[in-house]
Amino acid sequence: MKAIIPAAGLGTRFLPATKAVPKELLPVQGLPVIQHVVEEALAVEGVDGVVIVNSHDKPAIEDYFAKNGELEELLRSRNKEDLAAGVEHATSLPVSFVYQDEPLGLGHAVLQAAPAMNGEPFLVLLGDYFVPDHEMCRRMKEVSDAHNGASVIAVGVVPADEVSRYGIIGGKCVSGGDPEAPGAVWLVGNMVEKPAPEDAPSHLFIVGRYLLSPRVMELLATQGPGAGGEVQLTDAMLRLLDEEEMYAIVVDVDEGRDTGTPAAWAGVAARTALEDPSTRAEFLEALGAAADLIR
Ligand code: G1P
């Protein structure tokens, strides 16, 4: 099974930096955000490759994953084995590229990867968000396995006044207990991309982790534009509901790290530096007087 990571966006929220540096390469603990997402995808049982949907304007993403034997040799000649191993590891990840050169939407981006899917189920991981313990996709796969390989998406609780920023699902909870508590499983009956609050079927938003039936690719091929004039993955998934079952598992959104805006990215970088014992003390020291601002 392959995983798709859409990465063709302009990164407007991070301009002007993203004139030259794709936002996917902004570092968190020394690794580009996109590598955290690639590692998360490859940790899922059965995933043997990642297809990044890039744009030709962002060759730096490919440069990052490309072999650089000269650099490795230079580092080794200077006894910097750890650094050499890090470089070598990033460039040995099973990553390939397809292209979306026009911003026609998430559904259109995912469709560009169709030829690489071999007609199999596939994962989509949105690249602004990564889950350090890699557990979210594993749990989604468990739910899929328990329901004959059905499509499964991760959803989280969102305040009513923010539903119009996301895809929102409706349906019925098919596991016991609180239907909005992490671990609850829903049989999806409806979904709407970026609804007005009065049109939202629930307060459960699509988090950005999808395990999808190959049929979704066929539906995307005939999917017209939706919200924002873009081809929406949500709209193709909605059509899938007429033909196949789809489940949603409620997750604690805080399991993951959202790097989608400069402030969110800075927060993730700080949190990760604090959580890692090898950087915590130095990071607190670097914050200096600014540490007081946290309290
Ligand atoms: C996309 C999806 C949306 C989902 C969101 C999560 O929207 O279309 O359904 O809820 O990601 O971040 P975008 O953020 O690209 O507008």
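Report on the accompanying structure. (Residues numbered from 1 in each chain as written. Predicted model: local features only at pLDDT ≥ 70, side-chain atom pairs only at ≥ 80, totals over all residues. Heavy atoms only, no water.)

1. A look at the packing of helix 9 (residues 262-275) against helix 10 (residues 280-287)
Look at helix 9 against helix 10: their axes get within 7 Å of each other, and the N-to-C directions meet at 130°. If you check the angle between helix 9 and helix 10, you find them oblique. Residues Ala270, Ala273 and Leu274 of helix 9 form the contact with helix 10, whose own contacting residues are Arg280, Phe283 and Leu284. Residues belonging to the contact of helix 9 with helix 10 are distributed by class as follows: 5 nonpolar, no polar and 1 charged. (Axes fitted to C-alpha atoms, helices over the stretch in contact; angles between N-to-C directions. Helix = DSSP H or I, 4+ residues; strand = E, 2+ residues; numbered from the N terminus. Parallel < 35°, antiparallel > 145°, perpendicular 65-115°, else oblique. Contact = heavy atoms within 4.5 Å. Nonpolar A, V, L, I, M, F, W, Y, C, P; charged D, E, K, R; others polar.)

2. Digging into the packing of aromatic side chains
Following the criterion strictly, the structure yields 2 aromatic pairs and no others. Centre to centre, the rings of Tyr64 and Phe65 are 5.0 Å apart; their planes meet at 80°, and the pair counts as edge-to-face. Overall, the relative accessible area of 6% leaves Phe65 in the buried class. Relative to Phe205, the ring of Tyr166 lies with its centre 4.3 Å away and its plane at 45°, an arrangement referred to as tilted. Of this pair, Tyr166 sits in the loop between strand 8 (151-157) and strand 9 (167-173) while Phe205 sits in strand 11 (residues 204-212), and the two are 39 residues apart along the sequence. Residue class for Tyr166 comes out partly exposed when judged on its relative accessible area of 21%. (Phe/Tyr/Trp six-rings, centres within 6.5 Å; stacked < 30°, edge-to-face > 60°. Buried < 20%, exposed > 50% of the residue type's maximum accessible area, 1.4 Å probe, protein only.)

3. A few points about unusual backbone geometry
In this model, Leu15 is joined to Pro16 through a cis peptide bond whose omega is 5°. Not every positive phi belongs to a glycine, and His134 is a case in point at roughly 65°. Counting through the fold element by element, His134 comes out in the loop between strand 7 (129-130) and helix 6 (135-146). The phi dihedral of Asn148 falls on the positive side, at around 55°, and the residue is not glycine. If you trace the backbone, Asn148 turns up in the loop between helix 6 and strand 8.

4. Let's talk about the site of the ligand
Around the ligand, the neighbouring residues are Leu106, Leu126, Tyr166, Gly167, Glu193, Lys194, Ile206, Val207, Tyr210, Gln232 and Thr234. Lys194 is positioned such that a nitrogen or oxygen atom in its side chain is 2.6 Å from an oxygen atom of the ligand. Here an oxygen atom of the ligand sits 3.4 Å away from a polar atom, N or O, in the side chain of Thr234. Protein coverage of the free-state accessible area of the ligand, which is 380 Å², stands at 70%. Per-class residue counts for the shell around the ligand are 6 nonpolar, 3 polar and 2 charged. (Near = heavy atom within 4 Å. Polar contact = N/O pair within 3.5 Å; in protein donor to acceptor, adjacent residues only side chain to side chain. Areas by Shrake-Rupley, 256 points an atom, 1.4 Å probe, with all protein chains shown as cover.)

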